[in-house]
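Commentary on secondary and tertiary structure
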Amino acid sequence: MTETPIRVRFAPSPTGMFHVGGARSALFNWAMARQQADGRFVLRIEDTDAARNRPEWTEGIIRALAWLGIHEDDPHFEGPYFQSAYAAKHRETAERLYKDGRAYYCDCTREQVQERRGNPHLGYDGFCRDRGLEPGPGRALRFRVPEGGPTVVDDQVRGRVEFEHSAIEDFVIARADGSPLFVLANVVDDVEMGINEVVRGEEHLSNTPKQQLLWEALGQTPPRWAHLPVIVNEKRQKLSKRRDKVALESYQDEGYLPEAMVNYLMLLGWSPGEDREILPWSEMEPLFRVSDVNSSSAFFDEKKLRAFNGEYIRALAPDDFVERCRPWLAPDRAPWPAANFDEGVFRAVAPLAQSRVAVLSEIVPNVDFLFLDTPVDDEKSWAKAMKPGVGAEMLSAALDRFADPGLPWAAEPLKAALEEVGAGLGLKLGKAQAPVRVAVTGRTVGLPLFESLELLGRDRVRGRLSAALARLEAADAASEG
RNA sequence: GCCCCCAUCGUCUAGUGGCCUAGGACGCCGCCCUUUCAAGGCGGUAACGCCGGUUCGAAUCCGGUUGGGGGUACCA
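Residues numbered from 1 in each chain as written. Chains lettered and ligands numbered in written order. Predicted model: local features only at pLDDT ≥ 70, side-chain atom pairs only at ≥ 80, totals over all residues. Heavy atoms only, no water.

We now examine the side chain of glutamine 354. Here glutamine 354 lies in helix α12 (residues 343-354). From its side chain, glutamine 354 meets the backbone oxygen of isoleucine 313 in a polar contact 2.8 Å long. Of the polar contacts made by the side chain of glutamine 354, one reaches the backbone oxygen of leucine 316; its length is 2.8 Å. Beyond its immediate stretch of four places on either side in the chain, glutamine 354 contacts Ile313, Arg314, Leu316, Pro318 and Phe321. (Helix = DSSP H or I, 4+ residues; strand = E, 2+ residues; numbered from the N terminus. Polar contact = N/O pair within 3.5 Å; in protein donor to acceptor, adjacent residues only side chain to side chain. Contact = heavy atoms within 4.5 Å.)

Next up, the structure:
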């Protein structure tokens, strides 16, 4: 029965970084916009200062949105718009408010106000309300908050929230130089663009009565508000750029899949009411209702995100997994010499790695031994696996056994061979494989060993085994001498 | 200080007066599987902040309290 198309507003600040809180908000807005055939997701870069609307920042925002699946070429996508481009309209509206008596000029300095009120925490006292000041230098425009009565914000997630007018000071809407403040610009733009749904973070709830008052003063029906709970850190404080890992890009760099991030973010403050939590965007989108969003703050739990990510990675088709790993294998990022990389070898191990990585970047330590000239030197692994005596015995026995040309170089026979070698030394396979694993891969943990040996080839395996043996003997000699 | 918001396992949540001796997920712990590590299977740990009301009956409604959080600029 809605006659007006839904026009939700998504308004990131103009900065290159894309915040996870902003990402969740974007997703919620996006779901709402897409639920109606003619719904619109309006992307507006909010800053009244044109100098701060840097193109590269905006590109970053668009890129981050695209990563989440919010694409510029989607018919529901509108924008980006720049708030600063509407400066003329903002000034015009300020003037109109003044002419209508809804705003007045004020020449009080902050010091004067504080002196009059005695308490620095108290707001403006309305000193210039009835002084009838004309516009002029040093004079800011203040909105005349109606006397008496509350402004009631009808919030879709919080219900009715009342703000007594006596608690709202006559706030400034335009500076002495005529430039608009955020509140004014924001409302004017929303009116201009026909925004009818505003979904944003709870931190804006306190500004809402001011904005609503402005809408009404302009003779407009305010939009439907929805204030989302804030996302907090382990100390239950709002996520901050300085303290917390909030940049979407950093999660992307680590190898979080956008599908997993989207899934996880949607669950922060909202539940699809299904018997499962892992579900794709296509299923969540139609289920989403802002009115079902919780009002309590939510902790951003990277552990759970990781778990989700692992599930999404495991669900990938093998070829898709290989493709998704690409960025971490690229010459500029991988730790091995570019020429060493072998596509066929990687494709062969990828399925073994797929269930072992929770984030894509972990693919590197899993496969690096295949492409590095010499395996990484991990001290802890070495100390753990190369115990005096058995380490060297195991290595030299394996070296001999692997030299046998009659031993087929394949995982199964290799396993049997090593089992045999271990048994000869009274070791179970679990113990026997350790020194070999460390000698060949550099680490105590990793991919299944025998498949790894097969892929690496007899020569390289034997080369590494003897190198490790030499290192052990050298250390032995040093400690004796 | 003032204004506003919030309150179920450690965490994200289900729950809208009886289906709740409170369900799921992540985490954690144990067992199984096992060449390491994962994955997988099975099992376990753990919550309605507190005090009063309303009601035959309250996690659910009301009041208070405590505790958290947000806002409070001629910032955005």
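Okay, back to it.
Before going further, it helps to examine the protein's contact with RNA strand B. Around RNA strand B, a shell composed of 59 residues is seen, among which Arg158, Arg175, Gly269, Glu277 and Arg356 lie nearest. A share of 68% of the atoms of RNA strand B within 4 Å of the protein falls on sugar and phosphate groups. Here lysine 238 contributes a side-chain N or O atom positioned 3.4 Å from a phosphate oxygen of RNA strand B. Between RNA strand B and arginine 356, the relevant distance is 2.2 Å, taken from a base nitrogen to a side-chain nitrogen or oxygen of the residue. Elements supplying a minimum of two residues to the surface near RNA strand B: β5 (140-143), β7 (159-164), β12 (298-299), α10 (302-315), α17 (429-441) and α18 (449-456). (Near = heavy atom within 4 Å.)

You can see phenylalanine 450 is positioned in helix α18. Residue class for phenylalanine 450 comes out buried when judged on its relative accessible area of 11%. Taking the C-alpha atoms as reference, phenylalanine 450 lies 70 Å from valine 152; in sequence the two are 298 residues apart. Beyond its immediate sequence surroundings of up to four residues, phenylalanine 450 is in contact with Ala411, Leu414, Lys415, Leu418 and Leu429. (Buried < 20%, exposed > 50% of the residue type's maximum accessible area, 1.4 Å probe, protein only.)

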